[in-house]
Amino acid sequence: MEEYKIIDMHAHIFPEKIADKAVKAIGDFYGIAMQGKGIVSHLLECGSKAGVDRFVIHSTATRAEQVKSINDYTASESRSDKRLIGFGTIHPDFDDIEGEIERIKNLGLKGIKLHPEFQNFKIDDECMFPIYKAAQGKLPVLMHMGDKARDWSHPKRLAKVIDVFPDLTVIAAHFGGYLLWDQAEQYLIGKKIYMDTSSSLFLLDDGKALDMIRKHGADRIVFGTDYPVWTHEDELKRLFRLDLNEQERKLILRENICRLLEL
């Protein structure tokens, strides 16, 4: 793996004073034993051991009043270490969506992370349209996809949004839908979106994963770990297990992210 320069597109980080609580909450929500600590120092340590040299970091505002402080925190961490690339957060109940998205850009953050289940919205609900309208053509949106309890992040909902906002750049996390990979293939494969590999390959059949990558195009797949859910070593082992050629690996591990984020 050391021969590849690798970027992790999907890593969660939290201030040290709340990290333990936040990591536990994520683990409890998904019923998965968390592998990381959720703090920047451990993220860098964990990734560096596995040959990852840059990390896209983000946290999600579960309430509108958290938006500015989280964006300030992520921007501060990004400025503190050139290996860190920050994504901002926004919430459908935030008063000045256009203004905050412009502020996100001015803070040097490279995109926006949204999580339907944690932020209590359906992807195709019209309450989200002001966010998509403000972001399209300006910032990519990394969207959590898939949930076993409800259909708020169902692939068919994202497909509707893509039709309404064709200039919106979307990275659909978890191969387009955690536990909903057949539906992701039905509604999202071939659409003008990116997909990340995070929190999928531990369950997704290798042949199915390879087939989805080839059908969608390796030039629109990006590597992600979902740290602190998984370690970089484990997620890279799962990716390298797939029968990808060298060019496909380079695209997924770095080149697509560099192009997408203009790095």
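The structure displayed is predicted, hence computed values, not measured ones. (Residues numbered from 1 in each chain as written. Predicted model: local features only at pLDDT ≥ 70, side-chain atom pairs only at ≥ 80, totals over all residues. Heavy atoms only, no water.)

## Structural notes on the overall build of the protein
A count of helices and strands for the protein gives eleven helices and nine strands. Summarising its shape, the C-alpha atoms of the protein cover approximately 45 × 40 × 35 Å along the three principal directions. Within the protein, the fraction of its 263 residues that count as buried is 60%. Computing the positive centroid from 37 side-chain charges and the negative centroid from 42, the protein places the two 1 Å apart. (Helix = DSSP H or I, 4+ residues; strand = E, 2+ residues; numbered from the N terminus. Buried < 20%, exposed > 50% of the residue type's maximum accessible area, 1.4 Å probe, protein only. Lys, Arg positive; Asp, Glu negative; His and termini not counted. Charge placed at Lys NZ, Arg CZ, Asp CG, Glu CD.)

## A look at a negative patch on the surface
Taken together, the side chains of Asp-93, Asp-95, Asp-96 and Glu-98 define an acidic patch exposed on the protein surface. Tracing the backbone shows Asp-96 in the loop between strand S4 (88-89) and helix H4 (97-106). You can call Asp-96 partly exposed: its relative accessible area is 44%. (Patch = residues over 30% accessible without salt bridge, like charges linked within 9 Å, V, L, I, M, F, W, Y side chains within 5 Å. Areas by Shrake-Rupley, 256 points an atom, 1.4 Å probe, with all protein chains shown as cover. Salt bridge = Lys/Arg side-chain N within 4 Å of Asp/Glu carboxyl O.)

## Structural notes on helix H9 (residues 206-216)
Along H9, the residues that are buried comprise Lys-208, Ala-209, Leu-210, Met-212, Ile-213 and His-216. On its buried side, H9 packs onto helix H8 (181-187), strand S8 (194-196), strand S9 (221-222) and helix H11 (246-261). The N-capping residue of H9, defined by a side-chain oxygen 2.9 Å from the backbone nitrogen of Gly-207, is Asp-205. Note on H9: the residue one or two positions beyond its end, Gly-217, has a positive phi of about 110 degrees. (Contact = heavy atoms within 4.5 Å. Polar contact = N/O pair within 3.5 Å; in protein donor to acceptor, adjacent residues only side chain to side chain.)

## What about the packing of helix H10 (residues 232-240) against H11?
Remark: H10 packs on H11, axes separated minimally by 12 Å, with the N-to-C direction vectors making an angle of 150 degrees. When the axes of H10 and H11 are compared, the pair comes out roughly antiparallel. Handedness of the H10/H11 crossing: right-handed. Touching Leu-236, Leu-239 and Phe-240 of H10 are Arg-249, Ile-252 and Leu-253, all from H11. Broken down by class, the residue content of the contact of H10 with H11 amounts to five nonpolar, no polar and one charged. (Axes fitted to C-alpha atoms, helices over the stretch in contact; angles between N-to-C directions. Parallel < 35°, antiparallel > 145°, perpendicular 65-115°, else oblique. Left-handed = near helix turned anticlockwise from the far one by under 90°. Nonpolar A, V, L, I, M, F, W, Y, C, P; charged D, E, K, R; others polar.)

## Comments concerning the pairing of strand S2 (residues 52-58)
Burial of S2 is extensive: five of the seven residues sit out of reach of the surface. For strand S1 (residues 6-12) and S2, the ladder comprises five bridges, and the chain directions are parallel. Note on S2: the bridge partner recorded for Ala-11 is Ile-57. Handedness of the crossover is the feature at issue here: the chain leaves S2, passes through helix H3 (residues 67-80), returns alongside strand S3 (residues 84-86), and the resulting connection is right-handed. (Pairing = 2+ DSSP bridges. Right-handed = clockwise from strand over helix to strand, strands pointing away.)

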